[in-house]
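Coordinate inspection notes
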Amino acid sequence: MGRPLICTEYMARGNGSTFEGSLPVAKKYNVGAINWGLVAGKTQTYLPWDSWKKPYTDREPAMWFHEIFRTDGKPYKQEEVDLIEKLTGRPAK
């Protein structure tokens with residue numbers, strides 16, 4: 001149709017949806033992908049869906065839901081950052 005496509009719902013690590021599984025497909029088909037969160041804390045979307053029933057007030061969840069970076073700027077998973085850099089054409093640091 002000649003219009004850009006943007007996917008806003010693709011990350012849910014706890015449900016098996018990952019950057020590794022989704023972003024290469026989006027790139028292959030020229031589909032933009034927007035992540036709900038970037039840094040843990042602002043929107044709290046690093047917390048899994050079960051946090052409504054069992055709050056993570058005393059610990060970090062074993063598996064983050066969305067975010068990519070911790071509040072100190074370090075990646076949650078370096079391999080995810082490496083993949084994003086590779087797919088976006090940004091040079092590795």
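Definitions and limits used
- Sequence order sets the numbering: in each chain, residues are counted from 1 along the sequence as written.
- At least 70 in pLDDT is required for a residue's local features to be given in this predicted model, at least 80 for side-chain atom pairs to be given and counted, and no such filter applies to totals for whole chains, interfaces and linings, which use all residues.
- With hydrogens and water stripped out, all remaining heavy atoms of the structure feed into the side-chain values.
- Strands here mean DSSP runs of E at least two residues long; helices mean DSSP runs of H or I at least four residues long; both are numbered from the N terminus.
- In protein, a polar contact requires one atom able to donate a hydrogen and another able to accept it; more generally it is a pair of N or O atoms within 3.5 Å, and residues adjacent in sequence count only if both atoms are side-chain atoms.
- Remark: exposure states derive from per-residue accessible area (1.4 Å probe, protein chains only) relative to the maximum for the residue type, with buried under 20%, exposed over 50%, and partly exposed in between.
- Any two residues having at least one pair of non-hydrogen atoms within 4.5 Å are treated as being in contact.
- By nonpolar core is meant a set of buried Ala, Val, Leu, Ile, Met, Phe, Trp, Tyr and Cys residues that side-chain atoms within 4.5 Å join together.
- A pairing counts as a salt bridge when a side-chain nitrogen of Lys or Arg comes within 4 Å of a carboxyl oxygen of Asp or Glu.

Structural notes on the environment of Trp36
Counting through the fold element by element, Trp36 comes out in the loop between β2 (32-33) and α2 (78-88). Linking Trp36 and Thr8, residues 28 residues apart in sequence, is a C-alpha distance of 7.4 Å. For Trp36, the side chain forms a polar contact with the main-chain oxygen of Thr8, separated by 2.9 Å. A distance of 3.5 Å separates the side chain of Trp36 from the side chain of Glu9, its partner in a polar contact.

Some thoughts on the side chain of Asn35
Topologically, Asn35 is positioned in the loop between β2 and α2. With a relative accessible area of 18%, Asn35 lands in the buried category. Within the local environment of Asn35, its side chain forms a polar contact with the backbone oxygen of Gly37, the two atoms lying 2.4 Å apart. Here His66 takes part through its backbone oxygen, which lies 3.5 Å from a polar atom of the side chain of Asn35. Setting aside chain neighbours within four positions, we find Asn35 in contact with Tyr10, Met11, Phe19, His66, Glu67 and Ile68.

Observations concerning the nonpolar core
Counting residues in each nonpolar core, the largest one holds eight residues, listed as Tyr10, Met11, Phe19, Leu23, Ile68, Val81, Leu83 and Leu87. Mapped onto this core, the elements with two or more residues apiece are α1 (19-28) and α2. The element contributing the most residues to this core is α2, with three residues. Excluding its chain neighbours within four sequence positions, the residues that come into contact with Phe19 are Tyr10, Met11, Arg13, Pro24, Asn35, His66, Ile68, Glu80, Leu83 and Ile84. The next biggest cluster of nonpolar side chains, apart from the first, holds six residues, and it includes Ala40, Leu47, Tyr56 and Tyr76.

Examining the pattern of salt bridges
For the structure shown, the criterion picks out four salt bridges. Between Glu80 and Arg13 there is a salt bridge; the shortest N-O distance is 2.7 Å. With Glu80 in helix α2 and Arg13 in the loop between β1 (6-7) and α1, this residue pair connects regions lying 67 residues apart in the sequence. The exposure class of Glu80 is buried, given its relative accessible area of 1%. One salt bridge connects Arg70 with Glu60, and the closest N-O pair in it is separated by 2.7 Å. Of the two residues, Arg70 sits in the loop between β2 and α2 while Glu60 sits in the loop between β2 and α2, which places them ten residues apart along the sequence. Classification of Glu60 by relative accessible area gives partly exposed; the value is 42%.

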